[in-house]
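# A look at the structure
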Amino acid sequence: MNVFVVNCGSSSLKYQLIDAQSEVVLAKGLCERIGIDGSRIVFKPACGKKSGEKITIEAPMPDHTNAIRMVLDCLVNEDYGVIRSLDEIGAIGHRVAHGGEKLASSVLLNDDVVKEIEECCELAPLHNPANLIGIRVCHELMPDVPMAAVFDTAFHQTMPRKAYLYGLPYRYYTDYKIRRYGFHGTSHRYVSQKAAQILGVPYESLKTIVCHLGNGASICAVENGRSVDTSMGFTPVAGLVMGTRCGDIDPAIVEYLTEKEHKDVHEINRILNKESGIYGLSGGLVDFRDIRKGCQEGDEKCLRAMDVFMYNIATRVGAYVAAMNGVDAIVFTAGIGENGDQMRKDICEQYWGYLGIKIDDEKNSLSGEDVVISTPDSKVKVLVIGTNEELMIARETMALVKE
Ligand code: ADP
């Protein structure tokens, strides 16, 4: 069965068509600048006459209905399409940012579920409304195709109370749902499952710590197949220092800054999300490749950003070793985790010696492969695994449709 995976943002849409049996990607791409001048669609077929090519079409896309129509047209295009008709799409899987406490696992979509997702909009005001647009448009264009929602938060709903409650008046949790939710759940689940598979150990008997290090970054402690703690919080701004997000800071800084900078709390919040983290520390760099290059050249701004980033990762992992009273495997994933070989080596050597970790330099320098980078005698295994949220969404969707 082919599953159409949709990740709908407010002005963009990422998609993949995946044969869920063979797990082969038939096509993928994105629509950019939806509703804005200069919109375009990128379509990359992975089979058919134009397999491996990148087709870019610049065309007006006033709204998401237009965008999804264009994607569907590409999929069945005579010249570069990958299926003959839309009947070959058996199911649609939607990435949804926030499922709150009620939507604690992937679910087939119906009116009640849509209502629940709507209720979670106040918890994820930038993402859930856009995800809902994708859901509505797909339903409008393909009313008979079953659709599922896969939530970024769902994997973390197994966290115990001691990990998700904040030290705030308890009624803020009961009245306003303020708690740690965590995000990147689909990635953390995919990667921790894959680690168990690579190590040949049952998923249900492994203590894994996943470091998802992309522009957004989070760490998750996975004990016996369940998330027991994670670094993002009520929102994705919490936890690690990230590309532009500040991560954990003293909450009193917000009021202090409003006074010092004569800015309101919304503006400070924007700065914490968009102008902080690596960007703020380095004085304007956000791409990890630039930071790495700067570090090699001895640039002080890059060195301090890198130092803080690595220390954040190392100490958070230490906390999760305590949370699980041990760890069997630590996994690096996402853009920086998968490509930052020097950073991986430095963290392991500078901070994790107490875990008995030893790195195999040759394995660590391989790129683009899922690989164990620790030596065979390393007490804790360290792995690099390419994340694949779309495949996880396709798997979950197919499992629900087959039930
Ligand atoms: P997101 O999905 O959160 O936008 P990604 O997982 O795509 O993030 O990761 C983006 C980060 O990965 C960027 O900081 C980028 O510099 C870094 N990155 C991507 N490719 C490489 C590479 N070859 N070497 C080093 N860093 C890389």
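Located above this text is the structure these notes cover.
## Topic: the side chain of Thr375
With respect to the secondary-structure elements, Thr375 resides in the loop between strand E13 (371-372) and strand E14 (381-384). Thr375 sits in the buried class, given a relative accessible area of 16%. In contact with Thr375, not counting residues within four places along its chain, are Lys358, Ile359, Asp360 and Lys381.

## Quick look at the site of the ligand
Around the ligand sit Gly214, Asn215, Gly216, Val286, Asp287, Phe288, Arg289, Arg292, Ala334, Gly335, Ile336 and Asn339, and that is every residue in its neighbourhood. Within the contact set of the ligand, an oxygen atom lies 3.3 Å away from a backbone nitrogen or oxygen of Gly216. A distance of 3.4 Å separates an oxygen atom of the ligand from a polar atom in the backbone of Ile336. Coverage of the ligand by the protein chains reaches 67% of its 580 Å² of free accessible surface. Breaking the shell around the ligand down by element, the ones donating at least two residues are helix H10 (288-296) and helix H12 (334-339). Ranked by residue count, the leading element in the shell around the ligand is H12, at four residues. Counted by class, the shell around the ligand contains four nonpolar, five polar and three charged residues.

## Some details on the pairing of E14
Successive residues of a regular strand alternate their side chains across the two faces of the sheet. Two strands pair when backbone bridges link them, and strand E12 (residues 329-333) and E14 are joined in this way by four bridges, in the parallel orientation. Within E14, the position partnered with Val331 by the bridge is Leu383. Bridging between E13 and E14 involves two bridges; their strand directions are antiparallel. Counterpart to Val371 in the pairing with E14 is Val384.

## Examining the packing of helix H2 (residues 111-119) against helix H3 (residues 128-141)
One way to put it is that H2 packs onto H3 with a least axis distance of 9 Å and a crossing angle of 160 degrees. By the angle class used here, H2 and H3 are roughly antiparallel. By crossing handedness, the relation of H2 to H3 is classed as left-handed. Taken together, the residues of H3 that come into contact with H2 (itself represented by Val114, Ile117 and Glu118) are Asn128, Leu132, Ile135 and Arg136. When grouped by side-chain class, the residues that make up the contact of H2 with H3 number four nonpolar, one polar and two charged.

## So, the nonpolar core
The biggest cluster of nonpolar side chains holds 44 residues, and the ones touching the most others in it are Phe4, Leu13, Leu75, Ile89, Ile92 and Ile117. A total of seven residues in this core trace back to one element, the largest contributor, which is helix H1 (residues 64-75). Residue contacts for Ile117: discarding those within four places in its chain leaves Val96, Leu103, Leu109, Asn128, Leu132, Ile135, Ala149 and Phe151. Counting residues in hydrophobic clusters, the runner-up holds 43 residues, among them Phe183, Phe332, Ile336 and Val382.

## Some details on the layout of surface pockets
The calculated volume of the second largest pocket comes to roughly 240 Å³. As for the second largest pocket, its lining consists of Gly214, Asn215, Val286, Asp287, Phe288, Arg289, Arg292, Gly335, Ile336 and Asn339. Broken down by secondary-structure element, the contributors of at least two residues to the lining of the second largest pocket are H10 and H12. Split into classes, the residues belonging to the lining of the second largest pocket amount to three nonpolar, four polar and three charged.

## With respect to the sheet that holds strand E2 (residues 13-19)
Backbone-to-backbone hydrogen bonds pair the strands of a sheet. The strands run either parallel or antiparallel. Here eight strands make up an open sheet; going across it, the order is E5-E4-E3-E2-E1-E6-E8-E7 and the pairing mixed. The open sheet has two edge strands, strand E5 (55-58) and strand E7 (107-108), and neither has a second partner. Across two bridges, the pairing between E7 and strand E8 (residues 147-151) is antiparallel. The residue bridging Val107 from the neighbouring strand is Ala149, located in E8.

Quick notes on the rules
- Residues numbered from 1 in each chain as written.
- Predicted model: local features only at pLDDT ≥ 70, side-chain atom pairs only at ≥ 80, totals over all residues.
- Heavy atoms only, no water.
- Helix = DSSP H or I, 4+ residues; strand = E, 2+ residues; numbered from the N terminus.
- Buried < 20%, exposed > 50% of the residue type's maximum accessible area, 1.4 Å probe, protein only.
- Contact = heavy atoms within 4.5 Å.
- Near = heavy atom within 4 Å.
- Polar contact = N/O pair within 3.5 Å; in protein donor to acceptor, adjacent residues only side chain to side chain.
- Areas by Shrake-Rupley, 256 points an atom, 1.4 Å probe, with all protein chains shown as cover.
- Nonpolar A, V, L, I, M, F, W, Y, C, P; charged D, E, K, R; others polar.
- Pairing = 2+ DSSP bridges.
- Axes fitted to C-alpha atoms, helices over the stretch in contact; angles between N-to-C directions.
- Parallel < 35°, antiparallel > 145°, perpendicular 65-115°, else oblique.
- Left-handed = near helix turned anticlockwise from the far one by under 90°.
- Core = buried A, V, L, I, M, F, W, Y, C linked by side-chain atoms within 4.5 Å.
- 1 Å grid on protein atoms, 1.4 Å probe; cavity = no way out; pocket = protein on both sides within 12 Å on 5 of 7 lines; lining within 4 Å.
- Points joined across faces, edges and corners; volume = space filled by probe spheres on them.

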